[in-house]
Amino acid sequence: MSANQSPAGQQPTATYDSAFLKACRREPVPHTPVWFMRQAGRSLPEYLKAREGVPMLESCMRPELVAEITLQPVRRHAVDAAIYFSDIVVPLKAIGIDLDIKPGVGPVIANPIRTRADLARLRDLTPEDVTYVTEAFGLLTRELGATPLIGFAGAPFTLASYLVEGGPSRNHEHTKALMYGDPQLWADLLDRLAGITAAFLKVQIEAGASAVQLFDSWVGALSPADYRASVLPASRKVFDAVSGYGVPRIHFGVGTGELLGLLGEAGADVVGVDWRVPLDEAARRVGPGKALQGNLDPAVLFAGREAVETKAREVLDAAAGLEGHVFNLGHGVLPTTDPDALTRLVEYVHTQTAR
């Protein structure tokens, strides 16, 4: 059973009545819930200490270290949800793809996938491939109690882009060349990745995730027409695969102002919005029946307390008429952010929205 399900005739589980899950379900909340993407990460000195001398991928495979890092921002900032510490390429590593996360660069793939023969390297993911995930979730759900734990995975397009490009890319030229030049191979690649991603999310939900977020970090590089034709089916396959668990499904991408309606159409219950589109406008683009998440510019946190509160107030005002709102940044916490600024921001949002 999922950590947020409350079937008829049974008592609600610890996380079911949390502000975060209520907002995701578009129910009245005691205050606007807050969490941050990359909240368990490079801005925290305790994170840097815990990770000292441990490569990124290895740190994602040590359950006790994963649990400690995931819990750090909950302890420090009093956020309303924890997000599982991992990386979007972890399931690819788990099925045997030769890759590494290079400091200052990101994921680098030794042998990019660009031909039909390469597809054979993408085998199905099984729970046995990621036993460390199940173990870490067990440690975390016991420790977190009533605080929800968000599972996450990379979306098929973004995973495909890393695999095809061989690493991060500014223009995604190899990715788009494959998408336009061999649409059937592209469709098969994304379908394979959708299956791997869905399996990875299922492991997390069955281990206790209260919600899941699908990150499509690079999909803002596409037009709405290309997204609908070449990406939407695979993203929908992921969301459909986990729909029966009853956990909220969040979808987020960067630079996706023109795609917001389609991100919701793919099957998300909550659509993440970056800082480029005000939340009231985002709600118009997404349409009814969805909660929104976002969307303070991460760079605002460098501007001083008064400016942060002014800009946070603008986000809250834009969200005033929403069916459900989860306060977040419009992207991840920047590495040199003052952790105290995040703590103060959580307190400000909670205070300003207390009902």
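Thresholds, definitions, all that
Residues numbered from 1 in each chain as written. Predicted model: local features only at pLDDT ≥ 70, side-chain atom pairs only at ≥ 80, totals over all residues. Heavy atoms only, no water. Helix = DSSP H or I, 4+ residues; strand = E, 2+ residues; numbered from the N terminus. Rg over C-alpha atoms; globule rule 2.2 N^0.38 Å. Buried < 20%, exposed > 50% of the residue type's maximum accessible area, 1.4 Å probe, protein only. Contact = heavy atoms within 4.5 Å. Areas by Shrake-Rupley, 256 points an atom, 1.4 Å probe, with all protein chains shown as cover. Lys, Arg positive; Asp, Glu negative; His and termini not counted. Charge placed at Lys NZ, Arg CZ, Asp CG, Glu CD. Phe/Tyr/Trp six-rings, centres within 6.5 Å; stacked < 30°, edge-to-face > 60°. Lys NZ or Arg CZ within 6 Å of the ring centre and 35° of its normal. Core = buried A, V, L, I, M, F, W, Y, C linked by side-chain atoms within 4.5 Å. pLDDT = per-residue confidence, 0-100. Pairing = 2+ DSSP bridges.

Participant: Any chance you could explain the overall build of the chain here in plain terms?
Facilitator: A count of helical and extended segments in the chain gives 15 helices and nine strands. A compact globule built from 355 residues would reach a C-alpha radius of gyration of about 20 Å, and the chain, at 19 Å, matches this within 12%. Burial statistics for the chain: of 355 residues in total, 57% are counted as buried. The contacts of the chain with a sequence gap of at least 6 include a subset with a gap of at least 24, amounting to 71%. Summing over all exposed atoms, the chain offers an accessible surface of approximately 14,100 Å²; the carbon and sulfur share of this is 50%. Placing the 34 positive and 41 negative side-chain charges of the chain at their respective mean positions leaves the two points 1 Å apart.

Participant: It is not clear to me how the environment of histidine 325 should be interpreted in this structure. Could you clarify?
Facilitator: As for its placement among the helices and strands, histidine 325 is situated in strand S9 (residues 325-329). Given a relative accessible area of 9%, histidine 325 falls into the buried group. Histidine 325 sits 34 residues away from alanine 291 along the chain, and the two C-alpha atoms are 5.8 Å apart. With residues near it in sequence (within four places) discarded, histidine 325 still touches Ala23, Thr32, Pro33, Leu279, Leu292, Gly294, Val315, Leu316 and Ala319.

Participant: Is there a simple way to think about the packing of aromatic side chains in this case?
Facilitator: Two aromatic rings, taken as a pair, are described by how far apart their centres are and by the angle between their planes. Taken as a whole, this structure holds six aromatic pairs when the rule is applied. Aromatic side chains tyrosine 47 and phenylalanine 85 sit 5.8 Å apart centroid to centroid with 65° between the ring planes, which places their arrangement in the edge-to-face category. Of this pair, tyrosine 47 sits in helix H2 (residues 45-51) while phenylalanine 85 sits in the loop between strand S1 (82-83) and helix H5 (90-94), placing them 38 residues apart in sequence. In this structure, tyrosine 47 and phenylalanine 85 share a single accessibility class: buried. Members of the aromatic cluster, joined through ring pairs, are Phe152, Phe215 and Phe252. Taking the ring centre of tyrosine 16 as reference, the NZ or CZ of arginine 25 above it sits at 3.9 Å.

Participant: Whenever I open this one, the nonpolar core confuses me. Can you help?
Facilitator: Soluble globular proteins tend to pack their nonpolar side chains together in the buried interior. Phe20, Leu122, Leu189 and Leu345 are the most contacted members of the largest nonpolar core, which has 128 residues in total. Per-element tally for this core: the top contributor is helix H9 (residues 183-206), with 12 residues. Excluding anything up to four places from it in sequence, phenylalanine 20 contacts Pro33, Trp35, Asp80, Ala81, Pro148, Ile150, Ala211, Ile250 and Val326.

Participant: Explanation requested: the confidence of the model for the chain in the structure shown.
Facilitator: Should pLDDT be low for a region, the predicted coordinates there are not to be read in detail. Confidence along the chain averages 95 in pLDDT terms, with 97% of residues attaining 70 or more. Throughout residues 6-11 the model reports pLDDT below 50, and contacts reaching past four residues in sequence, or to other chains, amount to five contacts.

Participant: Teacher, can you tell me more about the pairing of strand S5 (residues 211-216) here?
Facilitator: Successive residues of a regular strand alternate their side chains across the two faces of the sheet. Within S5, six of the six residues are buried, which leaves the element mostly enclosed by the surrounding structure. Residues Ala211, Gln213 and Phe215 line one face of S5 and the alternating positions Val212, Leu214 and Asp216 line the opposite face, and both faces are buried. Note: strand S4 (residues 149-154) against S5, five bridges, orientation parallel. Bridging from a neighbouring strand, phenylalanine 152 pairs with glutamine 213 of S5. Across five bridges, S5 lies against strand S6 (residues 249-253) in parallel orientation. When the bridges of S6 are listed, phenylalanine 215 appears paired with phenylalanine 252.

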